[in-house]
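One-letter residues, chain by chain:
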Amino acid sequence: MFLILFLISFALTTQAHDYNKTKVINSAYQISGSIHGAFSKIGDYFYLREENNLLLEENNRLKSSVFNTKTEQIESINIQQKFRLTPALVNKNSYRFLENYITIDKGEKDSIKEDFGVVTAKGIVGVIDKTSQKYARILSILNTKSKINAKLKKSNHFGTLGWDGEHHNIVQLNDVQDLAEITEGDTIVTSGFSYTFPENIPIGVVKSYLLNDTKDLYVINVELFNDMTNLRHVHVIENLDFNTLNSLNPSNE
Amino acid sequence: MNSLLFSNIIRFTALVLLQVLICNQMNFLGSINPYIYILFILIYPVKNNSLSFIFISFVLGILIDVFMDTGGAHAAASVTVAYMRPVFLKFSFGAAYEYQAIKFNEADLLTRFIYFTLLILIHHFILFILIIFDNSKAGMVVSNALSTGLFTLFLALTLTTLFSRKEK
């Protein structure tokens with residue numbers, strides 16, 4: 001009896017560590033989702049002031065960019081809408097271990113699907129990984145399995161963003177060409193190569209950098225703009241061209 | 001017997017809720033969250049059937065796993081602890097175990113301390129090995145298991161002391 005149950009749970013654990021096969025029960029499920037949801041609502045009241053400040057800052061930034069843009073440009077932006085944003089609340093967030101997930105209170109009902117990107121006012125959070133009717137699970141950028149295309153804002157040199165599991169405010173941008181000129185404090189943004197994120201969403205700034213073992217590519221430590229330990233309001237990004245783009249390039253990962 | 005079953009159900013639900021809603025949000029000293037739910041396994045009545053006991057522990061672990069996205073790590077650790085418990089009961093309580101007369105409420109603090117410490121350490125080591133699942137991060141496993149274990153132990157002892165009077 002013990003052996004059977006132990007083997008079952010061991011198998012479940014290895015499944016959960018294996019990104020491609022995961023079909024394991026998870027926190028996007030109805031029951032666990034709703035319990036997390038009900039109680040995180042109570043917690044909301046304690047953070048109202050902080051959230052207000054955050055919204056004010058974001059509003060300020062958006063307003064100033066609107067005032068500095070010509071009206072014709074704004075109108076043309078509206079015509080070619082490529083991305084749809086859905087606001088969501090974080091129900092459960094983890095950042096302690098190597099494989100971290102975040103649960104949000106929007107799911108298939110709100111037309112959220114796998115591989116949609118998730119951002120906050122400050123920067124990226126992760127990619128949707130599992131969905132249920134009312135909840136969805138995000139593969140956090142603080143997950144050693146996470147891989148996101150990103151680039152240096154200044155020079156457009158790109159690489160893959162991953163996490164080494166050490167600090168929860170520092171991620172790594174790997175495989176950047178050694179031709180790239182990097183200085184500390186440079187901004188790292190999304191590259192827009194994948195269909196998950198639009199181009200130029202802020203991620204963080206260069207904290208330090210070094211050449212990898214074969215001395216031909218850079219590994220950059222990136223300090224995140226987001227405080228991943230304190231997430232509340234996030235936006236899910238849907239690329240409206242996702243299906244078209246995907247059918248054009250079926251081998252895309 | 002019925003009242004025993006009833007109090008077990010209450011304890012089960014209360015500990016799961018306590019774990020998920022409070023302990024998982026504690027982040028003591030940055031990131032330490034105690035795993036208080038194993039108190040259920042520690043103080044489960046000794047007389048009861050061990051097969052059903054192991055099964056209940058499995059269910060408890062799986063429930064926690066669902067809430068924490070850890071696959072089956074909690075279930076594996078809980079089942080192991082439930083399976084190994086008789087050995088440690090014998091070791092810590094000695095003769096009382098032979099007569100099936102252990103009363104956790106009445107056991108003195110030292111016996112309880114040793115018994116809790118051993119089982120909590122085993123549970124936490126298995127748990128963190130499975131959660132971290134990377135042999136290059138052994139240091140992370142040890143430091144996490146020890147720091148969290150200490151916190152869990154403290155909380156478990158506090159809770160049992162708090163509730164022991166009332167149940168008499």
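See above for the structure.
Residues numbered from 1 in each chain as written. Chains lettered and ligands numbered in written order. Predicted model: local features only at pLDDT ≥ 70, side-chain atom pairs only at ≥ 80, totals over all residues. Heavy atoms only, no water.

*Asks:* Even after reading the chapter, I still don't get the pattern of salt bridges, so can you show me in this structure?
*Replies:* Between side chains of opposite charge, a pair can form when the charged atoms approach closely. All names here are of chain A. A full pass over the atoms with the stated rule returns five salt bridges over all chains. Here lysine 151 and glutamate 199 are joined by a salt bridge, their closest N and O atoms 2.6 Å apart. Of this pair, lysine 151 sits in strand β6 (residues 148-152) while glutamate 199 is found in the loop between β9 (187-190) and β10 (202-211), placing the two residues 48 residues apart along the sequence. For lysine 151, a relative accessible area of 5% corresponds to the buried category. For the salt bridge of lysine 154 with aspartate 186, the shortest nitrogen-to-oxygen distance reads 3.2 Å. Taken together, the positions of lysine 154 in the loop between β6 and β7 (158-162) and aspartate 186 in the loop between β8 (170-177) and β9 put the pair 32 residues apart, joining distant regions of the chain. The class of lysine 154 is exposed, set by a relative accessible area of 54%. (Salt bridge = Lys/Arg side-chain N within 4 Å of Asp/Glu carboxyl O. Helix = DSSP H or I, 4+ residues; strand = E, 2+ residues; numbered from the N terminus. Buried < 20%, exposed > 50% of the residue type's maximum accessible area, 1.4 Å probe, protein only.)

*Asks:* Hey, could you run me through the nonpolar core in this one?
*Replies:* Nonpolar side chains tend to gather and get buried jointly when the protein is soluble and globular. B:Leu39, B:Leu42, B:Tyr115 and B:Phe116 are the most contacted members of the largest nonpolar core, which totals 61 residues. Of all elements in the fold, only α1 (2-17) of chain A together with α1 (2-22), α2 (39-42), α3 (50-68), α4 (73-93), α6 (109-132) and α7 (138-164) of chain B reach the threshold of two or more residues within this core. Ranked by residue count, the leading element in this core is α4(B), at 10 residues. Excluding its chain neighbours within four sequence positions, the residues that come into contact with B:Leu42 are B:Arg85, B:Phe104, B:Tyr115, B:Phe116, B:Leu119 and B:Ile120. Core analysis: the second largest hydrophobic core is formed by 41 residues, A:Phe116, A:Ile148, A:Ile220 and A:Val236 among them. (Core = buried A, V, L, I, M, F, W, Y, C linked by side-chain atoms within 4.5 Å. Contact = heavy atoms within 4.5 Å.)

*Asks:* Any chance you could explain the sheet that holds β7(A) here in plain terms?
*Replies:* Sheet strands pair by backbone hydrogen bonding; their relative direction is either parallel or antiparallel. All names here are of chain A. Read around the closed barrel, six strands run β6-β7-β8-β11-β10-β9, paired in antiparallel fashion. Mean inter-strand twist for the sheet, computed between neighbouring axes without regard to direction, equals 40 degrees. Of the pairings in the sheet, the one linking β8 to strand β11 (residues 217-224) comprises six bridges and is antiparallel in character. Within the sheet, the bridge partner assigned to leucine 173 lies in β11 and is isoleucine 220. (Pairing = 2+ DSSP bridges. Axes fitted to C-alpha atoms, helices over the stretch in contact; angles between N-to-C directions.)

*Asks:* How should I be thinking about the packing of α1(A) against α3(B) in this particular structure?
*Replies:* The description of two packed helices rests on the angle between their axes and on the distance between the axes. The geometry of α1(A) relative to α3(B) is characterised by a closest axis approach of 10 Å and an angle of 10 degrees between their N-to-C directions. With respect to their mutual orientation, α1(A) and α3(B) come out roughly parallel. Mapping the contact onto sequence places A:Phe2, A:Leu5, A:Ile8, A:Ser9 and A:Leu12 in α1(A) and B:Ile54, B:Phe55, B:Phe58 and B:Ile62 in α3(B). Of the residues in the contact of α1(A) with α3(B), the class split is eight nonpolar, one polar and no charged. (Parallel < 35°, antiparallel > 145°, perpendicular 65-115°, else oblique. Nonpolar A, V, L, I, M, F, W, Y, C, P; charged D, E, K, R; others polar.)

*Asks:* Is there a simple way to explain the pairing of strand β12 (residues 233-239) of chain A in this structure?
*Replies:* Residues in a regular strand project their side chains so that they alternate between the two faces of the sheet. All names here are of chain A. Of all seven residues making up β12, five are buried, and the element is well covered by its neighbours. In terms of strand pairing, strand β1 (residues 83-93) meets β12 through seven bridges, oriented antiparallel. By the bridge assignment, arginine 84 is partnered in β12 with glutamate 238. Inspection of the sheet shows strand β3 (residues 117-119) paired to β12 by three bridges, in the antiparallel sense. Within the sheet, the bridge partner assigned to glycine 117 lies in β12 and is isoleucine 237.

*Asks:* What should I look at first to understand the interface of chain B and chain A in this one?
*Replies:* One frequently used descriptor of interface size is the decrease in accessible area upon assembly of the parts. Across the boundary between the two partners, chain B contributes 36 residues, which contact 31 residues of chain A. Taken as a group, B:Val66, B:Phe67 and B:Asp69 account for 22% of the area that chain B buries against chain A, more than any other trio of residues on that side. Between the two partners, chain B and chain A, sit zero salt bridges. If you look at where chain B meets chain A, you find one residue pair in polar contact (both at pLDDT 80 or more). Listed by contribution, the elements that provide at least two residues to the side of chain B that touches chain A are α1, α3, α4, α6 and α7 of chain B. Looking at the side of chain B that touches chain A residue by residue, the classes come out as 23 nonpolar, 10 polar and three charged. (Buried area = accessible area lost by both parts, 1.4 Å probe. Polar contact = N/O pair within 3.5 Å; in protein donor to acceptor, adjacent residues only side chain to side chain.)

Purely spatial values, then, with no claim about function.
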